[in-house]
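Below are the chains, spelled out letter by letter.
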Amino acid sequence: MLSLIFPKNLNNEYRGYKLAIWLLVLLLLFKTSISVNALDWNPYMTSSEVFQRADRIPLDTFSENAGDTAVLLIAVWGVTHLVLNVLGFIAVVRYRAMIPLIYLLMAIDHIGRRLAVDAFPIVRVSEGTDGSVDIPVTFILIALVLIGLGMSLTTPRRLEGDA
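This one's a predicted model, so the numbers in the text were calculated from it and none came from an experiment.

What counts and how
Residues numbered from 1 in each chain as written. Predicted model: local features only at pLDDT ≥ 70, side-chain atom pairs only at ≥ 80, totals over all residues. Heavy atoms only, no water. Salt bridge = Lys/Arg side-chain N within 4 Å of Asp/Glu carboxyl O. Helix = DSSP H or I, 4+ residues; strand = E, 2+ residues; numbered from the N terminus. Buried < 20%, exposed > 50% of the residue type's maximum accessible area, 1.4 Å probe, protein only. 1 Å grid on protein atoms, 1.4 Å probe; cavity = no way out; pocket = protein on both sides within 12 Å on 5 of 7 lines; lining within 4 Å. Points joined across faces, edges and corners; volume = space filled by probe spheres on them. Nonpolar A, V, L, I, M, F, W, Y, C, P; charged D, E, K, R; others polar. Contact = heavy atoms within 4.5 Å. Axes fitted to C-alpha atoms, helices over the stretch in contact; angles between N-to-C directions. Parallel < 35°, antiparallel > 145°, perpendicular 65-115°, else oblique. Left-handed = near helix turned anticlockwise from the far one by under 90°.

S.K.: Would you mind showing me how to read the pattern of salt bridges here?
M.R.: Per the stated rule, a full pass over the model turns up three salt bridges. The salt bridge involving Lys-31 is made with Asp-109; its shortest N-O contact spans 3.7 Å. Placement of Lys-31 in helix H2 (residues 18-38) and of Asp-109 in helix H5 (residues 99-119) is noted, with a sequence separation of 78 residues between them. Taking the shortest distance from any N to any O, the salt bridge between Asp-118 and Arg-114 comes out at 2.8 Å. Taken together, the residues Asp-118 and Arg-114, both in helix H5 and four residues apart, mark about one turn of the helix. Assessed through its relative accessible area of 48%, Asp-118 is described here as partly exposed. On the basis of relative accessible area, Arg-114 is assigned to the partly exposed category, the value being 22%.

Okay, here's the thing in C-alpha cells:
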C-alpha cells in the first residue's frame, strides 16, 4: 500500500478506481473556489463577507487592525490552499500515480484543521439567525476525501489480473 501512496516513479499509471479521479476533480474545483474567495478574487463577494457568512466569524466586532489581520491570515492560507490544489490538478492531468498521495495530503489537511478548530474554539455569530441551516461542510469533505483515498488505493477487479 505504501508503494501506491509513494510511487517510485511519478508517471500517469494509475491503478485505482476511475471514480476516484472524478471525485478528486470535483473536490479540487470546490477547494479552488474556496481559495479564490480567501484571496478576495471573487468579483461578487469580498473575502470579509465570505469570512462572516460562511465561517460565521464576527469581523464587525473586531477592531480595524484585528479584522485586517484576520483577513490577511485567511488570504495567506488561501495561497497555500491554492498551491495544494494546483498540485492536485497536475496529478490528475499528468502524474496520476500521485493521486493517492494527493488524497492523503488532503485528508491530513482537513483533519488537522478540524482538530485545530476544536482545540482553539472561538466565538462565532450565532447559528440560524438568518434562517440558514448549518451544514457540516468540513465533515462532508473529510468523508469524501477518505472515500476517494480508499478508492484510489483499491485496484478494481478487472485490473487485478494485470498486477
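Moving on from the coordinates now.
S.K.: Mind showing me how you'd approach the layout of surface pockets here?
M.R.: To find leftover empty space, one rolls a probe the size of a water molecule over the atoms. One number sums up the size of the second largest pocket: a volume of about 270 Å³. Lining the second largest pocket are 17 residues, and of these Ser-3, Leu-4, Pro-7, Glu-13 and Ala-97 lie nearest its centre. Residue classes in the lining of the second largest pocket are distributed as seven nonpolar, six polar and four charged.

S.K.: I'm lost on the environment of Ile-102 in this one. Help?
M.R.: With respect to the helices and strands, Ile-102 occurs in helix H5. A relative accessible area of 0% places Ile-102 in the buried class. Ignoring any residue separated from it by four or fewer positions in sequence, one finds Ile-102 in contact with Leu-24, Leu-87, Gly-88 and Ala-91.

S.K.: Can you walk me through the packing of H5 against helix H6 (residues 137-153) in this structure?
M.R.: For the pair H5 and H6, interaxial distance at closest approach is 9 Å and the crossing angle is 155°. As the angle between them shows, H5 and H6 are arranged roughly antiparallel. Like other packed secondary-structure pairs, H5 and H6 cross with a definite hand, here left-handed. On H6, the residues that touch Ile-99, Pro-100, Tyr-103, Leu-104, Met-106, Ala-107, His-110, Ile-111 and Arg-114 of H5 are Thr-138, Phe-139, Leu-141, Ile-142, Val-145, Leu-146, Gly-148, Leu-149, Ser-152 and Leu-153.

That is the geometry; function is a separate question.
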